[in-house]
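What follows is the residue order along each chain.
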Amino acid sequence: MKIQAVLVGARGYVGAELISILSEHSSIDLIAASSRELDGKPVEQYSKSELIYGDLSPQDIVELSPDLVILALPNGLAEKFVKPLDETSAPISVIDLSADYRFDPNWSYALPEVHLNTVGSRISNPGCYATAIQLSVAPVKDLVDGSISCFGISGYSGAGTTPSDKNNLDLLKGNVMPYSLVNHLHEKEVSHHLGLDIKFSPHVAEYFRGISLTSHIPLKESSDIKRIKQLFQEYYQGKPLIKLQDEPPQVASSAHSHGATIGGWSLSSDGKHLALCCALDNLLKGAASQAVQNINIAFGLPQLEGLQVTSVR
Ligand SMILES: NC(=O)C1=CN([C@@H]2O[C@H](COP(=O)(O)OP(=O)(O)OC[C@H]3O[C@@H](n4cnc5c(N)ncnc54)[C@H](OP(=O)(O)O)[C@@H]3O)[C@@H](O)[C@H]2O)C=CC1
Ligand SMILES: CC(=O)N[C@@H](CCC(=O)OP(=O)(O)O)C(=O)O
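Residues numbered from 1 in each chain as written. Chains lettered and ligands numbered in written order. Predicted model: local features only at pLDDT ≥ 70, side-chain atom pairs only at ≥ 80, totals over all residues. Heavy atoms only, no water.

**Student:** Any details on the UniProt feature "active site" (unreviewed entry) in the chain? Residues and values, ideally.
**Tutor:** Residues annotated in UniProt with the feature "active site" (unreviewed entry) correspond here to Cys-128. Looking at where Cys-128 falls in the secondary structure, it is placed in helix H4 (residues 128-137). Excluding residues within four positions of it along the chain, Cys-128 makes contact with His-186, Ile-211, Leu-280, Asn-282 and Gly-286. (UniProt positions renumbered as here; feature names shortened; annotations may be inferred. Helix = DSSP H or I, 4+ residues; strand = E, 2+ residues; numbered from the N terminus. Contact = heavy atoms within 4.5 Å.)

Here it is as structure tokens:
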């Protein structure tokens, strides 16, 4: 019996990626895709069966009695859909791709390569920058002394489809736009989940998809590149979505890939300042692919089902 899923926020950039992935997934079928703007139109990317976008209320979703509800809505809207699902006796799992439950201890915050917690029936998917930061820092977490500093650049799809300066192509033309230089939500998210002091300055650029993140990590003791690389290799052994390479990863090579690439390890002459880079696709490992990876884990399916691995070591 296949898992029957409802997708809410199906018109958005992340929703569209989820539809494409689930079109190829052999164990999960979409039974409904919600969008107010596209209500009544066919879901053209979904190839398994005829599917029409609907403007579904939270109660409509409960009545469909699916196995799984996937929420890909802007921040602050999830509770309206989660509350009636919590109140029903039907065993309906929920995965939320927004930031709304990332600090809630009753939800499983699930970045599979880093947090090996058991995934329950309420899953909170990490943020895109937060994924890149945690993948970059986790292997050397125990060596850190002081504040880590991360510099990120994202394509404008990171800002979603609601018009703002961060997805305004007139403002972005020939430009890189810094924003939220302190207190970005992902700064709090990674500091909370890694238990480290992490500073993060995001930027958005004119290209569509992909994140390039550079992390500066102060170390307690002098180290050497061979040891650092070995720590990364050991940490990511058997985790096929993470590719390691000597050269700094390029954002263009990670676009359209379900995984993340880490590399460019560099040490200062005293061996106590480590810098490294991570590139990933904000819409895939930063959102939709990671969500499908988490759903697979929650339902006991092979972790990479539906995710064609384009970048393996
Ligand atoms: N873009 C990215 O790189 C990443 C995004 N995320 C998170 O994923 C979520 C989705 O992001 P993204 O796809 O970029 O966002 P978009 O702005 O592209 O899409 C938002 C979706 O939500 C729907 N929506 C908006 N407002 C409402 C509402 N009031 N009630 C019901 N539906 C609504 C929209 O459809 P309609 O208006 O037709 O109903 C649309 O389908 C966000 O929480 C974002 O923070 C996480 C990681 C990366
Ligand atoms: C370019 C851009 O605006 N990027 C978004 C990150 C998208 C994301 O991961 O958002 P959530 O944490 O809300 O899921 C931002 O900086 O807020």
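Next comes the rest of the account.
**Student:** Can you tell me about the domain arrangement of the chain, naming the residues and giving the values?
**Tutor:** By the assigned domains, the chain splits into domain 1 (3-100) and domain 2 (128-282). The gap between the C-alpha centroids of domain 1 and domain 2 is 30 Å. In this complex, domain 1 contributes seven residues to the contact, which on the side of domain 2 involves eight residues. With both sides pooled, the region where domain 1 packs onto domain 2 buries about 570 Å², and carbon together with sulfur makes up 64% of that total. Counting the contacts that link domain 1 with domain 2 gives one salt bridge. One salt bridge connects Arg-209 with Glu-17, and the closest N-O pair in it is separated by 3.0 Å. A per-class count over the side of domain 1 that touches domain 2 returns three nonpolar, two polar and two charged. (Domains from an automatic or database assignment. Buried area = accessible area lost by both parts, 1.4 Å probe. Salt bridge = Lys/Arg side-chain N within 4 Å of Asp/Glu carboxyl O. Nonpolar A, V, L, I, M, F, W, Y, C, P; charged D, E, K, R; others polar.)

**Student:** Explain a negative patch on the surface to me, using residue names and the numbers behind them.
**Tutor:** Residues Asp-39, Asp-55, Asp-60 and Glu-63 make up a contiguous surface patch of negative charge. Its location among the elements puts Asp-55 in the loop between strand E3 (53-54) and helix H2 (58-64). We classify Asp-55 as partly exposed; its relative accessible area is 43%. (Patch = residues over 30% accessible without salt bridge, like charges linked within 9 Å, V, L, I, M, F, W, Y side chains within 5 Å. Areas by Shrake-Rupley, 256 points an atom, 1.4 Å probe, with all protein chains shown as cover. Lys, Arg positive; Asp, Glu negative; His and termini not counted. Charge placed at Lys NZ, Arg CZ, Asp CG, Glu CD. Buried < 20%, exposed > 50% of the residue type's maximum accessible area, 1.4 Å probe, protein only.)

**Student:** How would you explain the environment of Ala-275 if you had to name every residue and give the values?
**Tutor:** Here Ala-275 shows up in strand E14 (residues 273-280). Placed 53 residues apart in sequence, Ala-275 and Ser-222 show a C-alpha to C-alpha distance of 13 Å. Once you skip the residues sitting within four places of it in the chain, Ala-275 turns out to touch Ser-215, His-216, Gly-264, Trp-265 and Ser-266.

**Student:** Can you lay out the site of ligand 1 for me, pointing to particular residues and giving the numbers?
**Tutor:** The immediate surroundings of ligand 1 are formed by 26 residues, with Arg-11, Ser-35, Arg-36, Leu-73 and Asn-282 found nearest. Contact distances for ligand 1 include 2.9 Å between an oxygen atom and a backbone N or O atom of Gly-12. Glu-37 is positioned with one of its backbone polar atoms (N or O) 3.0 Å from an oxygen atom of ligand 1. Burial of ligand 1 by the protein amounts to 88% of the accessible area it has alone, namely 890 Å². Counting only elements with at least two residues in the shell around ligand 1, the list comes to helix H1 (13-23) and helix H9 (284-298). Tallied by class, the residues present in the shell around ligand 1 amount to eleven nonpolar, twelve polar and three charged. Three or more residues apiece are contributed to the shell around ligand 1 by two domains, here domain 1 (3-100) and domain 2 (128-282). (Near = heavy atom within 4 Å. Polar contact = N/O pair within 3.5 Å; in protein donor to acceptor, adjacent residues only side chain to side chain.)

**Student:** Go over the site of ligand 2 with me, naming the residues and quoting the values.
**Tutor:** By nearness alone, 14 residues border ligand 2, and Arg-102, Lys-166, Tyr-179, His-184 and His-186 come closest of all. Cys-128 places a main-chain nitrogen or oxygen 3.2 Å from an oxygen atom of ligand 2. A distance of 2.6 Å separates an oxygen atom of ligand 2 from a polar atom in the side chain of Tyr-179. Taken by itself ligand 2 offers 440 Å² of open surface, and the protein chains cover 83% of this. Taken together, the residues of the shell around ligand 2 break down into six nonpolar, six polar and two charged.

**Student:** Outline the sheet that holds strand E8 (residues 148-154), listing residues and values.
**Tutor:** Strand order in the open sheet formed by seven strands is E9-E10-E8-E11-E14-E13-E12, and the pairing between neighbours is mixed. Of all strands in the sheet, those with a lone pairing partner are strand E9 (176-178) and strand E12 (242-245), marking the two edges. Taken over all neighbouring pairs, the strand axes of this sheet differ in orientation by 20° on average, direction set aside. Summarising the sheet, E8 and strand E10 (residues 198-205) pair through seven bridges and their orientation is parallel. Paired with Ile-153 across the two strands is His-203, which belongs to E10. Relative to strand E11 (residues 211-218), H4 is tilted by about 40°, and along the sheet it contacts E8, E10, E11, E12, strand E13 (260-267) and E14. (Pairing = 2+ DSSP bridges. Axes fitted to C-alpha atoms, helices over the stretch in contact; angles between N-to-C directions.)

**Student:** Please provide a residue-by-residue account of the packing of aromatic side chains, values included.
**Tutor:** Summed over the entire model, instances satisfying the criterion amount to seven aromatic pairs. With a centroid separation of 3.9 Å and 10° between ring planes, the pair formed by Tyr-101 and Trp-107 is classed as stacked. Taking relative accessible area as the criterion, Tyr-101 reaches 10% and is therefore assigned buried. Measuring from centroid to centroid gives 6.5 Å for Phe-232 and Tyr-236, while their planes differ by 40°, and the two rings are tilted. (Phe/Tyr/Trp six-rings, centres within 6.5 Å; stacked < 30°, edge-to-face > 60°.)

**Student:** Pulling in residues and values, what's your account of the side chain of Ser-136?
**Tutor:** Note that Ser-136 resides in helix H4. Classification of Ser-136 as buried rests on a relative accessible area of 0%. In terms of polar contacts, Ser-136 uses its side chain to reach the backbone carbonyl oxygen of Ala-132, at 2.7 Å. In this structure Ser-136 touches Leu-213, Ser-215, Ile-217, Phe-232, Ile-262, Leu-276 and Cys-278, once residues within four positions along its chain are discounted.

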